[in-house]
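Architecture at a glance
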Amino acid sequence: MEHASQFKPAPGIYGDLLNTSTNGTNVFDSSKADGKSANLVFQTSLAVILSIITLATTLSNAFVIATISQSRKLHTPANFLIASLAVTDLLVSILVMPICVLYTVSQTWSLGQIICDLWLSSDITCCTASILHLCVIALDRYWAITDPVEYSKKRTPARAAGMVATAWVIAISISLPPLFWRQVKADEVTSCSVNTDHIFYTIYSTFGAFYIPTLLLIALYGRIYVEARKRILKQSPKKTGKRLTSAHLITNSPGSTTPLNYRTKETSYSETSSPTSANQVKVTVSDALLEKKRISAARERKATKTLGIILGAYIVCWLPFFIYTLLVPICTSCIFHPELFDFFTWLGYLNSLINPIIYTMSNEDFKKAFHKLLRFNCCRS
C-alpha cells in the first residue's frame, strides 16, 4: 500500500504492454467525449430549427385567422373555409409539433402512456383534417367555377360549416380505431408510435387520409383549370373591336371656347362651342381583342402557377410520409431507419406552414387586409 504511489511499469515487454493499454484507454475516452459533444451540438441545432418551424407555423396561421376576422370584406363562405384550414393547422402547431420536437430530439418518450395516446390521436386527427380541408376548398372552387349561377345561391356559411364538419368527422373516424386496441404496458414507456401490426387499419388510414383525397384533389383541380380556361377563352371576341378605356375632363380659363376632341386609332375631330367655361375631353380608345387576349393570358398563367404550387407543395410534403407508412407493415424484409421517418413526419408538418402562404398570398383582397392589419398593430405599438 505504501509503495503504491511510487509504482512504475516494469521494463521490457510487460511494461510496453501496460503503456500501450493506458494510452489506448485515454484515446477511447477522448473519442467518446468528442462524440458526446458533437451529438449535443446536433441535438441543439435540431431543436432550434424545429422550434422555429413550429413558431412560424403558429404565427402564420394565427395571422390568417386574425386578418379574416378583422376584415369585413373577407367574411365570405370561401374565406371561411380558408380560416377553418388555418385553425386546423394552428392546432397542429400547438397540440402536435411541440411534443414532436421533444420526441425527435431526445429519441425517447418520457411523457407516459396517456399523453402518448392523446398525442397520437391529435396528430392523426389534425393532420387528416388539414388534408381534407384542402379537398373541401377544392370542391368549393370547383362548384363555383362550373356552376356559378346556381352555386352562388347555395354558397352559404351554413353549407361551408357542414363541409368543415364532414371533414372533421372523417378525420376523427380515422384516428379513433388505434385507441381500441392499445396495450397498457406495465413497464416504463420509452417509445410512442402507432401500432403497425394491424395492416388493414394502415391501409384504411393511409387511403382515407391521403391517397383518396389526393386523387380527388388532382381530379378537381384538373377540372377547375380546364373550366377556367374555357370561360376565359369564351370571353374573347371573335373579331377586332374597340373599347373606351379612359376619359379626362380638363377645365381651362373661363370665357373661352370649348374644344371637344375625339380620338380613335384611325380618326380624330373636334367640336367647338361657346359656353362660359372651356373644357377639353380626351377620349382614349384601344383594341378590345388585343386587350382581352393579354388579360386572358395573364389569368391563365396565374391559374396554372397557383394550381401547380398548391398540388406540388401538398404532394411533396405528404407523399413520402404515406409511402413510408404503407411500406412498414407490408415489407417485412425491408430495413427502415427511424431518422428517415422523423424527416418525412416533419416534411408533412411543413405543409401546415405552407398552406396559409399559398391560400392567402394569392388573394389580392387578403393581402391588402393583411397589410392593413400589420400597419394597425404597428401604429398601436
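Values in this document were obtained by computation on a predicted structure and should not be read as measured data. (Residues numbered from 1 in each chain as written. Predicted model: local features only at pLDDT ≥ 70, side-chain atom pairs only at ≥ 80, totals over all residues. Heavy atoms only, no water.)

What follows covers the overall build of the protein. For the protein, the count of helices and strands is 11 helices and four strands. Within the span of the protein, comprising 381 residues, buried residues form 34% of the whole. Counting only contacts in the protein whose residues sit at least 6 apart along the sequence, the fraction spanning at least 24 positions is 76%. As presented, the protein carries roughly 23200 Å² of accessible surface, and 65% of it is formed by carbon and sulfur atoms. (Helix = DSSP H or I, 4+ residues; strand = E, 2+ residues; numbered from the N terminus. Buried < 20%, exposed > 50% of the residue type's maximum accessible area, 1.4 Å probe, protein only. Contact = heavy atoms within 4.5 Å. Areas by Shrake-Rupley, 256 points an atom, 1.4 Å probe, with all protein chains shown as cover.)

Applying the stated criterion across every chain yields a total of one disulfide. Here cysteine 116 engages in a disulfide with cysteine 192; their sulfurs sit 1.9 Å apart. On the sign convention where negative means left-handed, the S-S torsion of about 100° between cysteine 116 and cysteine 192 marks this disulfide as right-handed. Residue cysteine 116 is located in helix H3 (residues 112-146), and its partner cysteine 192 is located in the loop between helix H6 (177-180) and helix H7 (199-234); the two are separated by 76 residues in the primary sequence. Note on cysteine 192: relative accessible area 4%, which makes it buried. Take cysteine 100: it sits in no disulfide, and the sulfur closest to it among the cysteines is that of cysteine 127, at 9.2 Å. Residue cysteine 126 stays outside any disulfide, its sulfur separated by 6.9 Å from that of cysteine 127, the closest cysteine. (Disulfide = S-S within 2.5 Å.)

Moving on, we come to the side chain of aspartate 140. Here aspartate 140 is to be found in helix H3. When residues no more than four places from it in sequence are discounted, the contact partners of aspartate 140 are Ala78, Leu81, Tyr151, Arg155 and Met163.

Time to look at the packing of helix H2 (residues 77-106) against helix H10 (residues 351-361). Between H2 and H10, the least distance of the axes is 9 Å, while the angle of their chain directions is 160°. Of the possible angle classes, the one that applies to H2 and H10 is roughly antiparallel. For the pair H2 and H10, the sense of crossing is left-handed. Of the residues in H10, those touching H2 at Ile82, Leu85, Asp89 and Val92 are Ser352, Asn355, Pro356, Tyr359 and Thr360. Looking at the contact of H2 with H10 residue by residue, the class counts come to five nonpolar, three polar and one charged. (Axes fitted to C-alpha atoms, helices over the stretch in contact; angles between N-to-C directions. Parallel < 35°, antiparallel > 145°, perpendicular 65-115°, else oblique. Left-handed = near helix turned anticlockwise from the far one by under 90°. Nonpolar A, V, L, I, M, F, W, Y, C, P; charged D, E, K, R; others polar.)

Before going further, it helps to examine unusual backbone geometry. Within the chain, glutamine 107 stands out as a residue other than glycine whose phi angle is a positive 60°. As for its placement among the helices and strands, glutamine 107 is situated in the loop between H2 and H3.

Turning our attention to the nonpolar core. Counting residues in hydrophobic clusters, the biggest one holds 68 residues, and the most contacted among them are Trp119, Leu217, Tyr221, Trp318, Phe322, Tyr349 and Tyr359. With 15 residues, H3 is the single largest residue contributor to this core. Discounting residues that sit within four places of it in the chain, leucine 217 has contacts with Leu134, Cys135, Ala138, Leu311 and Tyr314. (Core = buried A, V, L, I, M, F, W, Y, C linked by side-chain atoms within 4.5 Å.)

According to the stated counting rule, one finds three salt bridges in the structure shown. Put simply, glutamate 227 and arginine 223 hold a salt bridge, and the shortest N to O gap is 2.9 Å. Of this pair, glutamate 227 and arginine 223 both sit in helix H7, separated by four residues, roughly a single helical turn. For arginine 223, a relative accessible area of 39% corresponds to the partly exposed category. (Salt bridge = Lys/Arg side-chain N within 4 Å of Asp/Glu carboxyl O.)

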